[in-house]
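Residues per chain are reported as follows:
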Amino acid sequence: MGEAEDGEYAYPMILKSRPDILLTDVKMPFMDGLELSHLVRKELPGTKIIIFSGYDEFEYAKEAIKIGISDYLLKPVTPAALIDALKKVAESIREEREHSRLLERYFVDYEKYMKFPDKTDYNGVDRKLIENFLKTGDLDECGLFIDEYFEAVGKENYMSLLLRQYMAMDIFYCVREFVKSIHAEEAESRPEWTDLKRLAKAIENTQSTMDYLKRLFTSALTIRDKSSGDRYGQIIREAKDYIAENFSSSDFSLNRIAEYIGVSSSYFSSIFKQGTGQTLMEYVTGIRIDKACELLKCTSLRTAEIGEQVGYSDPHYFSTAFKKATGQSPKEFRVGTSGKVRTEH
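Every chain begins its residue count from 1, and numbering advances along the sequence as written. This being a predicted model, a pLDDT of at least 70 is required before a residue's local features are given, and a value of 80 or more before pairs of side-chain atoms are given or counted; all residues contribute to the totals for chains, interfaces and linings. Heavy atoms from the whole structure form the basis of all side-chain values; hydrogens and water molecules are not counted.

> Hey, could you go over the pattern of salt bridges for me, with residue numbers and the actual values?
Should a side-chain nitrogen of Lys or Arg be within 4 Å of a carboxyl oxygen of Asp or Glu, the pair is scored as a salt bridge. All chains considered together, the criterion is met by five salt bridges. Among the ionic pairs, lysine 88 bridges to aspartate 84, the shortest N-O distance being 3.5 Å. Of the two residues, lysine 88 and aspartate 84 both sit in helix H4 (residues 79-113), four residues apart, roughly one turn of that helix. For lysine 88, a relative accessible area of 54% translates into the label exposed. Classification of residues uses two cut-offs on accessible area relative to the type maximum, computed with a 1.4 Å probe and protein chains only: under 20% is buried, over 50% is exposed, and between them is partly exposed. In this structure aspartate 84 comes out as partly exposed when scored by relative accessible area, which is 39%. Arginine 94 serves as the salt-bridge partner of glutamate 91, at 3.1 Å between the closest nitrogen and oxygen. Of this pair, glutamate 91 and arginine 94 both sit in helix H4, three residues apart, roughly one helical turn. Glutamate 91 gets classed as partly exposed once you look at its relative accessible area, which sits at 37%. Starting at the N terminus, helices and strands are each numbered in turn, a helix being any DSSP run of H or I of at least four residues and a strand any DSSP run of E of at least two.

Below you can see the structure in the form of structure tokens.
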């Protein structure tokens, strides 16, 4: 449908043509493949993304899987590998469309045979509301959420077997997709996520439908909380490794780290503080000042050069940050006056 030299040119083309599949390199000028993928996933969540990666960027590209990229291919890419990847992605698109077609059929059947006595227009499951609850809701709120959701749908509506069938199936797939998105093995192994007979039996009456959905949400949030706890530690470890290698870079920033990890900057900032007890700025400053102390002790580099090597392009700002952390100016520290570095990481 289109071709572009880099992400900056590609993005408006993608929004206009709305392709089923995007193929992008990791390394591109102006806007790289990961930044482009973040934007596309946000605006066109249905578009599947395949990334090409050179050997040196292999680990970097692998992190991109976390943001929902369908596949990555290590360059040089053979025709057979590309065709195989495209076939897999195409098959997943066909499955999603079949799912949508079935839901549409249920909904059409419902509208054909049933009327809404209370004049309420039921426009389908509010997937955004459900997804938000799955991401941010508390475990003990599952029952209340389902009760309020059914109340909003309207008693005269959910009393219909056809509507309950449509609604329960759509909610089931919405929850299942969420569990799969956090890479939980339970989505493929536990019966509540694979056995549709349970769903068919649950919709026999309203109460059994509600009870089933409450159990489903409780299970999903339990998995989420367990996965989140494990993932927080992994994200922080990966972030610390990235910081150790890149803190001296001139374009080092919170956004860069968040992009590397594959999460939003606000989310990363929050979990980093929770996991370390420090803000990212406090942690990075500690790393930089420790390295500066080492260079002041072991080299004859000028203060400005040392500041630049540890990520401070402005010598005055470096001196201010150093004194705030150590109680001494860089020159005072070098000549051995009193003071001690107090940083934690």
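> Would you mind going over the sheet that holds strand E2 (residues 48-53) in detail, with residue names and values included?
Two orientations exist for strands paired in a sheet by backbone hydrogen bonds: parallel and antiparallel. With parallel pairing, three strands are arranged side by side in an open sheet as E1-E2-E3. At either end of the open sheet lies a strand with only one pairing partner, and these are strand E1 (21-25) and strand E3 (71-74). The mean angle between the axes of side-by-side strands here comes to 20 degrees, regardless of whether they run parallel or antiparallel. Taken together, the four bridges between E2 and E3 define a ladder with parallel strand orientation. Considered in E3, the bridge of serine 53 is made with leucine 74. By the convention used here, residues are in contact when the closest approach between their heavy atoms is within 4.5 Å. Only C-alpha atoms enter the line fits that serve as axes; for helices the fit covers just the stretch in contact. Angles between N-to-C directions range over 0 to 180 degrees. Contacting E1 and E2, helix H2 (residues 33-43) crosses the sheet at an angle of about 160 degrees to E1. Any two strands are treated as partners once DSSP identifies two or more bridges connecting them.

> Before we move on, could you go through the confidence of the model for the protein and cite the residues and values that matter?
Here the protein averages 78 in pLDDT, while 79% of its residues score no lower than 70. The quantity known as pLDDT measures the predictor's confidence residue by residue, on a range of 0 to 100. Taken element by element, the predicted model of the protein shows its lowest mean pLDDT in helix H9 (residues 186-189) (58) and its highest in E1 (92). Of the regions scoring below 50 in pLDDT, residues 109-121 engages in 16 contacts with residues more than four places distant in sequence or in other chains. Below a pLDDT of 50 lies the segment residues 337-345, which in the model reaches 23 contacts outside its immediate sequence neighbourhood of four places, other chains included.

> A description of the pairing of E1 should follow, citing residues and the corresponding values.
Residues Leu22 and Thr24 of E1 are buried on one face, while the alternating residues Ile21, Leu23 and Asp25, pointing to the opposite face, are not. Relative to E2, E1 runs parallel, the two sharing five bridges. In the sheet register, leucine 23 faces E2, and the bridge partner there is isoleucine 50. Whether a crossover is right-handed depends on one test, that the path from the first strand over the helix to the second runs clockwise when the strands point away from the viewer. Read from E1 through H2 to E2, the crossover connection turns out right-handed.

> Give me the lowdown on the nonpolar core, citing residues and values where you can.
Among the nonpolar cores identified, the biggest contains 31 residues, and Ile130, Leu134, Met167, Ile171 and Phe217 are the most heavily contacted of them. Put simply, the parts of the chain that give this core at least two residues each are helix H5 (127-136), helix H6 (142-153), helix H8 (161-181), helix H11 (196-202) and helix H12 (206-246). Ranked by the residues each element gives to this core, the list is headed by H8, at 10 residues. The next biggest cluster of nonpolar side chains, apart from the first, holds 30 residues, and it includes Ile235, Phe247, Ile261 and Ile289. Only buried residues count toward a nonpolar core, which is a set of Ala, Val, Leu, Ile, Met, Phe, Trp, Tyr and Cys residues joined through side-chain atoms within 4.5 Å.

> Please set out the environment of valine 89 residue by residue, giving values where relevant.
Along the chain, valine 89 turns up in helix H4. Remark: the alpha-carbon pair of valine 89 and isoleucine 21, spanning 68 residues in sequence, is separated by 8.0 Å. Excluding anything up to four places from it in sequence, valine 89 contacts Ile21, Lys48, Ile50 and Ser70.

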